[in-house]
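So you can see what is in the structure, the chains are spelled out below.
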Amino acid sequence: MNIKLLLITVLSFFSFVATAQNTAKILGQIRDRHGVMVQVSVQLKELAQSTPTDKDGKFAFSNIKAGDYTLLVSHIGYQPLQQKVSLKTGEVLNLTLLLEESTTEMQTVTVTGKTKTQELKESGFAVNAIETKQFANTNTNLSQILNKSTGVKVREKGGVGGDFDFSVNGLSGKQIKFFIDGIPLEILGTAMSFNNIPVNLAESIEVYKGVVPVSLGSDALGGAVNIITNRSTKNYVDFSTSYGSFNTNKNALSTQLVNKKTGLTFRLNGFTNYSDNNYKMIGVRGITGDNIVGNKITIDETSKFITLDAERFHNRYKSAFGQAEVGISNKPYADALFVNFSYTGFDQQLQTGTDQRNVYGMATRDGHSINTGIRYSKNNLFVEGLNANTYWGYSKDISIVTDTARRKYYWNNVYAYNESAEISSLFSINNLIRPHIIGRTNISYNINHEHSLNLNYVFDRVENNSFNELITSSDDNPGIVRKNILGFAYQQDLFSNKLSNVLFSKYYGLGLKLNKYSSDNAVYENIRSSDNSLGYGLSSRYYLVKDLGLKFSFEKAYRLQEAGEMFGDGVNTVANLDLKPEHSYNFNLGTFYSKTLNKNHQLFIEANGFLRYAKDFIYAKVYQSNTPRTIYENLDKINISGAEAEVRYNYKDFLNATVNASYQKSISFSSANTSSNENTYNKKLPNQPWFFGNADFGIGKNDLIGKDSRVQFNWSINYIHWYYRTWEGLGAVIDEIPTQTIHNASLTYSFQKSKYNISLECNNLTNQLAYDNFKLQKEGRAYYVKLRYFISKN
C-alpha cells in the first residue's frame, strides 16, 4: 500500500514537472524609489488576467503558453506602466519594474504606494519596521539603530563587543528572539551577536512587540527582531571600512554574483571588528602605597585607596565573520535553493563583570563557531497560492574563558596578590562547547485575496558540554535542551482590506536531559523531563478612514528556558538547573495616522499602549552580594504596563524628523511571604529604564557639490530618565542610574550616484558621563570616519 502511494506520488510529481516545462511563467516585483510596493494592480492584457502584488511587492503568472504579451501596471498616484514581454516554452521570466510618481496635479491629496515597511507598520501587529538604507553610509550598527525606535532600549557594557541587554516594552534578554531572514541568529555562533552586525548587511529590520507571528516560529515572550538581508537578483558589491576613537576599526563586505542565464548565484558576506575599548573611566577606585614594584603592590600600612580617572587597560575586542552561499534561483522547481557555510571567531579581554568595582587584568574569553545550512523556497508549489520555504542548519559553538591569575586589580592598573582567581574563587580554564541543530519549515496557502493559511514548524536542539580543563578533560555539566514549536495561523482581509484579522495558535514542546546533583543520594543523576504548552493569540487592524487606523493584538506567549540560562556561560552567568518555562498574557492596543500631501509632505503618527502579565518570569539577578556574576531565577509574577508614541515627518528627500517617547512600569508581584521577597513585593523591577525618548533630525541636498552627489547631515538625541540599579526596597534609593542625554551627529558626502561615500561622525558630542547596564560607564566623546563603495548592476 505504501509502495503504491509512493509510486503515485512520484508519477504525479514528474507529471507536474513535465507540464511545467511545456509552459512559461512570469515572476516580478514592483518597486518605487522608496522600496517595494504592495497591492499594485498587474494585468496580463492578452489573457485578461490580473493580480495584486503581495506584501513583498511580488506577482506571478503561471502556466502561460509561449508568445508575446503585454503587462499593464497601475497604481493611484503613479504613472501607468506598459511592459512588452516575449516568452519561450519552459521559460521563467524575472522582472523588476519601477513605477514613477505621477506629475499630474490632483485637486485633493495624492495617494502614493506604500513600502513594505509602511504596510507592516499598519498591520495588526505592534511592530517597528525600519529601512536601513538611510544608515548605510554611517558607522552605526543594528543595535544602535533600534535603540532610537519606540519601546526599544539597548544597554551595553564595555564598548565594542561587550555584552548587551535588549529590551522591548519592559521584557528583555532571552525573552527577545533574534532572527536573520526568519532563521534564529544564534545558529551563526557567539560572535554573531546583534550589536556586532554592520548596517550594510541588512536591508530592513522588523521588531515585533509582545505578539509574534507564527512565521517566525519562536518561543519569544517579549517579542522578536527579524533582520532582512538583500535578496535581490542583482550583481552588487558593497564594501566599507571605518576607523575611529579607541583604535576602533570595522570592515564589512557584501557581494553577489548572478548568472542570469543559468540562475547560478554566489553570495559572500563578512565583517571584522577591532577595538582597544580604552576609553576613560571617571571617578573610579585605584590604590597607591610605598611598596609598588612595576604595577604590583604589596599591601601594607602605607597602602590607601584613591579616586581617579583612568583608561580601561584590559578591554580589547576583535571578531570576524564570513559566510559563503552558493545556489540557484528562479527555476521551475525552486525559487531559491542555496547551501551556505560560515565561520565566526572572537577574542576578548575581560575588564569587569556586572559591577565595575570588580576589575580584571588578565581574564580572557575567546571562541569560534562553524555553521552549515541549506535553504529552499518555492512559491506556487504544485498549485497556485501554495508557498513553501525551509531551512536546516548545524553549528558547533566553542568558547573558552581563562581565569587563572592570582591577582586583584585596581583601575590604575596596579594589582595585589590574591588567594583566588579574578572572576571566581576557583582557578579555571572553562571550555563551553555547544553543538546546535535548527530546522524551520513554513508553508502558506493563499485561498484567495481575502483568506490565507500559514503553518510553521521549528526544531531546536542544543547540547551543552562544559568543563574546567584544569580539573578534568570531560564534561562536568552535560545537558540537552530540545524544543519543538508548531504554529498555525488563519488570516482574513475583508471589505477591500479595510479589516484584517489574524488568528493563531502555537504548540511548545520542551525536552530536557540534565546531570543534576541529588542531595538525598549525594551523587549526580541523569534526569529527563518534558513540558508541553499551548499558546494562542490574534491581531486585528481596522481602517476608520483611509488614513486612520486602529489595531489590537493579543498572545498567550510561552518561552522555554535557554541553554545559557540553565548551564551558565562560563564567565558572568552561574548555572541554575531548576529554571522553569515562563509565560505571559500580552496585550497591545494602538492607532496610526498616515498622510501624504501634495506629493511632498509625508506625516506618520502612531501611539500604542501595552500590558504584560508574566508568570514564572525568568530574571537575571546578582548572584551574591559584591560579586561580578549573575544567575537566572523564576519570579512568581511580573506585571508590565506602558505607552509609547512616535511622530515622523518627511519633506521630499530634503528634510526628515522623528520624535518618540516610551514609558513602561515593571512591577514585581512575587509572593511576599518569604524574607527574600518581602522587600521587593509591589516594587519596580531594578536595572530597567522606565522613561526614555529619542529625536532625529536630518537634512540633505542633491547635486550640491557636483552632479549626482548628495550631502546629508543628521543629528540625534537620546534621553533616559533615572532608574534604580537594584531593588528600591533594599536601600536602592542611594544606588540609582542618573538621567542622561546623549547627542550624536554625522555628515555624509556621496557622489557618482552613491557609488562613493564618506561619512564623519561624532558620538556623545557633549562628552556627558554616560551609564548603561548595571551602571557600567560607557565611552565618552568619540569620532569616526567611514568610507563606503557600492556598485550594483542588473
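Residues numbered from 1 in each chain as written. Predicted model: local features only at pLDDT ≥ 70, side-chain atom pairs only at ≥ 80, totals over all residues. Heavy atoms only, no water.

### Re the overall build of the protein
To be explicit about the condition: Strands here are runs of E lasting at least two residues and helices are runs of H or I lasting at least four, both read from the DSSP assignment and numbered beginning at the N terminus. Note on method: radius of gyration uses C-alpha positions; expected globular size equals 2.2 Å times residues raised to 0.38. Under the scheme applied here, a residue whose accessible area is under 20% of the maximum for its type counts as buried, over 50% as exposed, and between as partly exposed, the area being computed with a 1.4 Å probe on protein chains only. A contact between two residues is defined here by any heavy atoms of the two lying within 4.5 Å. Here, Shrake-Rupley sampling with a 1.4 Å probe gives the accessible areas, and only protein chains in the shown set may cover a residue. In this charge count, Lys and Arg are treated as positive and Asp and Glu as negative; neither His nor the chain ends contribute. Here the site of a charge means atom NZ of a Lys, CZ of an Arg, CG of an Asp or CD of a Glu.
When helices and strands are counted, the protein shows 4 helices and 48 strands. Over its C-alpha trace the protein gives a radius of gyration of 28 Å, about what one expects of a compact globule, namely 28 Å for 794 residues. If you line up the protein on its principal axes, its C-alpha atoms span 95 × 75 × 50 Å. The buried share of the protein, reckoned over its 794 residues, is 52%. Sequence separation of at least 24 residues holds for 65% of the intrachain contacts in the protein that already meet a minimum separation of 6. When the accessible surface of the protein is totalled, it reaches about 35400 Å², and 56% of it is carbon and sulfur. Placing the 83 positive and 71 negative side-chain charges of the protein at their respective mean positions leaves the two points 5 Å apart.

### A word on the pattern of salt bridges
The cut-off we apply is this: For this analysis, a salt bridge means a side-chain nitrogen from Lys or Arg found within 4 Å of a carboxyl oxygen belonging to Asp or Glu.
What the rule picks out here adds up to 22 salt bridges. One salt bridge in this structure joins Glu-562 and Lys-177, with 2.0 Å as the shortest N-O distance. With a gap of 385 residues between them, Glu-562 in the loop between strand 35 (548–559) and helix 4 (563–567) and Lys-177 in strand 13 (residues 176–180) connect regions that are remote in the sequence. Note on accessibility: Glu-562 and Lys-177 belong to one class, buried. Ionic pairing is found between Lys-506 and Glu-555, a salt bridge with its closest N-O pair at 3.0 Å. Pair noted here: Lys-506 is in strand 33 (residues 499–518) and Glu-555 is in strand 35, with a separation of 49 residues, a long-range link. There is no split in this pair, since Lys-506 and Glu-555 are both buried. If you follow the salt bridges from partner to partner, you end up with Lys-177, Asp-219, Lys-483 and Glu-562 in one network.

### Comments concerning the confidence of the model for the protein
Here is the rule: What pLDDT conveys is the predictor's confidence in a given residue, as a value from 0 to 100.
Within the protein, residue pLDDT values average 86, and 90% of them lie at 70 or more. Confidence over residues 1–21 falls short of pLDDT 50; this stretch has 4 contacts with residues more than four positions distant or in other chains.

### Some details on empty space enclosed by the protein
Rules: Here a cavity is any set of points on a 1 Å grid over the protein atoms alone where a 1.4 Å probe fits but cannot get out, and a pocket is any open set with protein on both sides within 12 Å along at least 5 of 7 lines; a residue lines the site when it has an atom within 4 Å of a point. Grid points are joined across faces, edges and corners, and a volume is the space filled by probe spheres set on the points. All amino acids are sorted into three groups, where Ala, Val, Leu, Ile, Met, Phe, Trp, Tyr, Cys and Pro are nonpolar, Asp, Glu, Lys and Arg are charged, and the leftover types, Gly among them, are polar.
Counting across every chain of the model gives 5 cavities of 30 Å³ or more. Approximately 160 Å³ is the volume found for the second largest cavity. Lining of the second largest cavity is provided by 20 residues; of these, Lys-157, Gly-162, Gln-348, Leu-350 and Thr-352 occupy positions nearest its centre. Within the lining of the second largest cavity, the residues separate by chemical class into 5 nonpolar, 11 polar and 4 charged.

### Some words on a nonpolar patch on the surface
Under the convention used in this document: Surface patches are drawn from residues lacking salt bridges whose relative accessible area is over 30%; two like charges belong together within 9 Å, two nonpolar side chains (Val, Leu, Ile, Met, Phe, Trp, Tyr) within 5 Å.
On the surface, Tyr-243, Leu-747, Ile-758, Leu-760, Val-785 and Leu-787 cluster together to form a nonpolar patch covering roughly 510 Å² of accessible area. When contributions to the nonpolar patch are tallied by element, the ones reaching two or more residues are strand 47 (756–763) and strand 48 (782–793). Note on placement: Ile-758 falls in strand 47. Residue classification places Ile-758 among the partly exposed positions, given a relative accessible area of 33%.

### Regarding the side chain of Ser-584
What counts here: Here a polar contact is taken to be a pair of N or O atoms separated by no more than 3.5 Å, where protein atoms must pair a possible hydrogen donor with a possible acceptor and residues adjacent in sequence count only if both atoms sit in side chains.
Its location among the elements puts Ser-584 in strand 37 (residues 582–597). Classification of Ser-584 as buried rests on a relative accessible area of 0%. At a separation of 3.4 Å, a polar atom in the side chain of Ser-584 contacts the main-chain carbonyl oxygen of Tyr-613. Not counting the four nearest positions on each side in its chain, Ser-584 is found in contact with Leu-221, Glu-555, Lys-556, Ala-557, Arg-612, Tyr-613 and Ala-614.

### Overview of the pairing of strand 26 (residues 364–378)
Formally: By this definition, two strands are paired if DSSP reports at least two bridges between them.
Two elements, strand 25 (residues 334–349) and strand 26, share 14 bridges in a ladder whose sense is antiparallel. If you follow Gln-349 over to strand 26, its bridge partner there is Thr-364. For strand 26 and strand 27 (residues 386–403), the ladder comprises 15 bridges, and the chain directions are antiparallel. Bridge pairing in strand 27 links His-368 to Ile-398.

### Concerning the packing of aromatic side chains
Spelled out, the test is: Pairs were defined over the aromatic rings of Phe, Tyr and Trp, the Trp ring being its six-membered one, requiring ring centres within 6.5 Å. Orientation was assigned from the angle between planes: stacked under 30 degrees, edge-to-face over 60, tilted for the rest. Think of it as a cone above the ring: NZ of Lys or CZ of Arg counts as a charge over the ring if it is within 6 Å of the ring centre and within 35 degrees of the ring normal.
Enumeration according to the criterion identifies 24 aromatic pairs in this entry. A centroid spacing of 5.8 Å and a plane angle of 45° characterise the contact between Phe-305 and Tyr-410, whose relative ring orientation is tilted. On the criterion of sequence distance, the pair formed by Phe-305 in strand 23 (residues 304–311) and Tyr-410 in the loop between strand 28 (407–409) and strand 29 (415–417) is long-range, its members being 105 residues apart. Through successive ring pairs, a cluster of aromatic residues spans Phe-313, Tyr-409, Trp-411 and Tyr-415. Lying across the ring of Tyr-415, Arg-407 places its NZ or CZ 3.9 Å from the centre.

### Some words on the sheet that holds strand 12 (residues 171–172)
The antiparallel open sheet is built from 3 strands, whose spatial order is 10-11-12. With partners counted over all chains shown, the strands left at the sheet margins are strand 10 (152–156) and strand 12, one partner each. As judged from the 2 bridges shared by strand 11 (residues 164–168) and strand 12, these two strands associate in the antiparallel manner. When the sheet's bridge partners are listed, Val-168 is paired in strand 12 with Leu-171.

### Observations regarding unusual backbone geometry
Of note in the backbone geometry, Asp-616 takes a positive phi value of approximately 55° without being a glycine. With respect to the element layout, Asp-616 can be found in strand 38 (residues 601–622). The phi dihedral of Asn-764 is positive, around 55°, even though this residue is not glycine. You can see Asn-764 is positioned in the loop between strand 47 and strand 48.

### Overview of the environment of Ile-297
Position of Ile-297 relative to the elements: it lies in strand 22 (residues 296–297). Between the C-alpha atom of Ile-297 and that of Lys-408, which follows or precedes it by 111 residues, the distance is 9.9 Å. Sequence-distant contacts of Ile-297, defined by excluding residues within four places in its chain, comprise Ile-287, Thr-288, Gly-289, Asn-291, Ile-292, Ser-303, Val-414, Tyr-415, Ala-416 and Tyr-417.

### Things to note about the side chain of Asn-687
Within the secondary structure layout, Asn-687 lies in the loop between strand 41 (683–684) and strand 42 (691–702). The contact partners of Asn-687, leaving out residues within four places of it in the chain, are Arg-155, Tyr-723, Tyr-724, Arg-725, Ile-737, Asn-773 and Phe-774.

### Section: the nonpolar core
Within soluble globular proteins, side chains that are nonpolar tend to cluster in buried spots. Our working rule: By nonpolar core is meant a set of buried Ala, Val, Leu, Ile, Met, Phe, Trp, Tyr and Cys residues that side-chain atoms within 4.5 Å join together.
Core analysis: the biggest nonpolar cluster contains 31 residues, and Leu-142, Leu-146, Phe-166, Phe-194 and Val-225 have the highest contact counts within it. Broken down by secondary-structure element, the contributors of at least two residues to this core are helix 3 (142–146), strand 10, strand 11, strand 13, strand 15 (204–209) and strand 16 (223–228). Discounting chain neighbours no more than four positions away, the residues touching Val-225 are Leu-146, Phe-166, Ile-176, Lys-177, Phe-178, Phe-179, Phe-194, Ile-205, Glu-206 and Val-207.

### Brief notes about the sheet that holds strand 22
Spatially, 4 strands are ordered 21-22-29-28 in an open sheet, and the strand pairing comes out mixed. Bordering the open sheet on either side are strand 21 (292–293) and strand 28, each of which pairs with just one other strand. Inspection of the sheet shows strand 22 paired to strand 29 by 2 bridges, in the parallel sense. When the bridges of strand 29 are listed, Ile-297 appears paired with Ala-416.

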